[in-house]
Amino acid sequence: LYGWYTMAVYVVSIPGGIIADKFLGQKKTVMLGGILLCIGHGILAVEQMWAFYTGLVLIILGVGGLKPNISTMVGDLYQEGDNRRDGAFTIFYMGINLGALLAGVVSGSVTNEFGWKAGFIVAGVGMVISLIMQMGLAQSWLGNIGVEPAAVRDLENKQAQKKQPLTKQEVDRLKVVLVMGLFVIVFWAGFEQAAGSMNLFAKYKTDLVFFGWEMPASWLQAVNPIFIIILAPIFASVWIRMGDKEPDSPRKFALGMLFLGLGFVSMVGAALQIGDDANTKAHVIWLVMAYVFHTMGELCLSPIGLSMVSKLAPLKFTSLLMGMWFLFSGLGNYAAASIGQLVGESGPLNTFGGVAIMAFIAGICLWLLADKLVDWMHDADTS
């Protein structure tokens, strides 16, 4: 159920993007998504099975309206060729993870103390606060960004442009999005082991006892957002300071794959330490190192991918393409569940080692394809 739920959250980003592009614009669609999220969490607080499924459906629809269009609006803050865009998306990504960290602590603590109903209510209240901020600050901070649907924005002859086919340059750029999307699936299939097989490894196969006190395995999930918050400003600053020497998007993706592979090399070290002895547990430093490497890979790939789509997508399909980009992430999440099951069948050593090899091969292939992909981008990264 969880796998289908997370998959649906990403899939619904596509109709969410279409609604914004064709009818409402990004700003109104984001507001609609936020309202659905508020209602969905409120209904989840009702302890009935009908409320459970209804709440999940509303949350899926709400995220579909919010997720692709928020990212599109960030991209619209910058003109084509502005080299601050990748750094801006990295800072935006830091904000997402700060929210994720606070949400886990606040909602998790309230749920542990007062029960599930209180946890869902707190989540709904947090979304209400977000809506109030959006209504009060969006106009002064964002101006008219996201107000008019992308399909009709900045077009002198709207009816003629709607019927106009894509140019060769636009088709080439779409090919880049599709090719890079395949590598995104590979990345998230490995990265999302953090919440599945790696979390189970932490709970059952890792020594979490410090001076007689056992740390909850779930606390290791905080390593990723903490290091996102620490490293995101550094990565953003590095990209901007490199200027003309800044790597192009395909090579940044390849670096992300390399870091993902290094993270699983660390997990291989953990698996080798425990061997076949059921009583031996791995040192926690192996997992911390893995999460840090994965975080570095995420910063080379996820915010850069959002920035890249905002550069390459044809104007009238901007949010739709952003929704498709999230679909690739959803497919990666779904694949992650299948890989996670292999840990029980093939063992952690073979599974983690296999994922490391997969990540390295994908990184090498992407690096070799980089020049061709850059040609297809038609200077979108540099112009």
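All of these numbers come straight from a predicted model, not from anything done at the bench. (Residues numbered from 1 in each chain as written. Predicted model: local features only at pLDDT ≥ 70, side-chain atom pairs only at ≥ 80, totals over all residues. Heavy atoms only, no water.)

**Brief notes about the side chain of Ser-310**
To keep it simple, the criterion reads: A run of H or I in DSSP becomes a helix once it reaches four residues, and a run of E becomes a strand once it reaches two; helices and strands are each numbered from the N terminus. Each polar contact in these results corresponds to two N or O atoms within 3.5 Å; when the atoms are within protein, one needs to be able to donate a hydrogen and the other to accept it, and residues that are neighboring in sequence are counted only if both atoms are side-chain atoms.
In this structure, Ser-310 sits in helix α12 (residues 284-312). Here the side chain of Ser-310 touches Arg-85 through a polar contact of 2.9 Å, side chain to side chain.

**Remarks on the packing of aromatic side chains**
To be explicit about the condition: Ring pairs shown here join Phe, Tyr and Trp side chains whose ring centres sit within 6.5 Å, with only the six-membered ring taken for Trp; geometry is labelled stacked below 30 degrees between planes, edge-to-face above 60, and tilted in between. Burial classes: relative accessible area under 20% of the type maximum marks a residue as buried, over 50% as exposed, and values in between as partly exposed (1.4 Å probe, protein chains only).
Counting across every chain of the model gives twelve aromatic pairs. An angle of 85 degrees between the planes, with centres 5.0 Å apart, marks the rings of Trp-188 and Phe-191 as edge-to-face. Of this pair, Trp-188 and Phe-191 both sit in helix α8 (residues 168-191), three residues apart, which is roughly one turn of that helix. The same class applies to Trp-188 as to Phe-191, namely buried. Pairwise contacts between aromatic rings join Phe-187, Trp-188 and Phe-191 into one cluster.

**Things to note about a nonpolar patch on the surface**
Selection rule: Residues enter patches when their relative accessible area tops 30% and they take part in no salt bridge; the joining distance is 9 Å for like charges and 5 Å for the nonpolar side chains Val, Leu, Ile, Met, Phe, Trp and Tyr. With residues, only the protein chains shown are counted as cover, and all accessible areas are computed by Shrake-Rupley using a 1.4 Å probe. By definition here, a salt bridge exists when the distance from a side-chain nitrogen of Lys or Arg to a carboxyl oxygen of Asp or Glu is within 4 Å.
A cluster of nonpolar residues, Ile-121, Val-125, Ile-129, Met-133, Leu-137 and Trp-141, forms a patch on the protein surface that exposes about 610 Å² of accessible area. On the secondary structure map, Ile-129 appears in helix α6 (residues 116-142). Residue classification places Ile-129 among the partly exposed positions, given a relative accessible area of 47%.

**Regarding the pattern of salt bridges**
Taken as a whole and judged by the stated rule, the model has five salt bridges. The closest approach of N and O atoms between Lys-168 and Asp-172, which form a salt bridge, is 3.0 Å. In this pair, Lys-168 and Asp-172 both sit in helix α8, four residues apart, roughly one turn of the helix. Under the relative-accessibility criterion, Lys-168 is labelled exposed at 62%. Residue classification places Asp-172 among the buried positions, given a relative accessible area of 4%. Here Asp-248 ties to Arg-251 by a salt bridge, and the two come within 2.6 Å at their closest N and O atoms. A single burial state applies to Asp-248 and to Arg-251, both of which are buried. Several salt bridges share partner residues, and in doing so they unite Lys-168, Asp-172 and Lys-175 into one network.

**Some remarks on the packing of helix α4 (residues 49-75) against helix α5 (residues 85-114)**
So the rule is basically this: Throughout, an axis means a line fitted to C-alpha atoms (over the contacting stretch in the case of helices), and angles, computed between N-to-C directions, take values from 0 to 180 degrees. An angle below 35 degrees is treated as roughly parallel, one above 145 as roughly antiparallel, one from 65 to 115 as roughly perpendicular, and anything else as oblique. Each crossing gets its hand from how the near helix is turned against the far one by less than a right angle, where anticlockwise is left-handed and clockwise is right-handed. When checking whether two residues touch, look at their non-hydrogen atoms; a contact exists if any pair is within 4.5 Å. The residue classification treats Ala, Val, Leu, Ile, Met, Phe, Trp, Tyr, Cys and Pro as nonpolar and Asp, Glu, Lys and Arg as charged. All others, Gly included, are polar.
At their nearest, the axes of α4 and α5 sit 10 Å apart, and the two run at 140 degrees to each other. Taken together, α4 and α5 sit at an angle that is classed as oblique. Where α4 crosses over α5, the handedness of that crossing is right-handed. Packed against α4, whose contacting residues are Ile-70, Ser-71, Val-74 and Gly-75, the element α5 presents Arg-85, Phe-89 and Phe-92 at the interface. Looking at the contact of α4 with α5 residue by residue, the classes come out as four nonpolar, two polar and one charged.

**Concerning the nonpolar core**
How we decide: To qualify as a nonpolar core, a set must consist of buried Ala, Val, Leu, Ile, Met, Phe, Trp, Tyr and Cys residues joined through side-chain atoms within 4.5 Å.
Core analysis: the largest hydrophobic core is formed by 73 residues, its most contacted members being Leu-220 and Trp-325. At the level of secondary structure, the elements contributing two or more residues to this core comprise α5, α8, α9 (197-205), α10 (223-242), α11 (249-274), α12, α13 (318-346) and α14 (348-377). The biggest single contributor to this core is α12, with 14 residues. If you look at the next biggest cluster of nonpolar residues, it comprises eleven residues, including Cys-38, Leu-44, Met-127 and Leu-131.

**So, the state of the cysteines**
Operational definition: A pair of sulfur atoms, both from cysteines and within 2.5 Å, is called a disulfide here.
For the structure on display, the rule yields zero disulfides. Residue Cys-365 stays outside any disulfide, its sulfur separated by 18 Å from that of Cys-300, the closest cysteine. Exposure remark for Cys-365: the relative accessible area of 36% places this residue in the partly exposed category.

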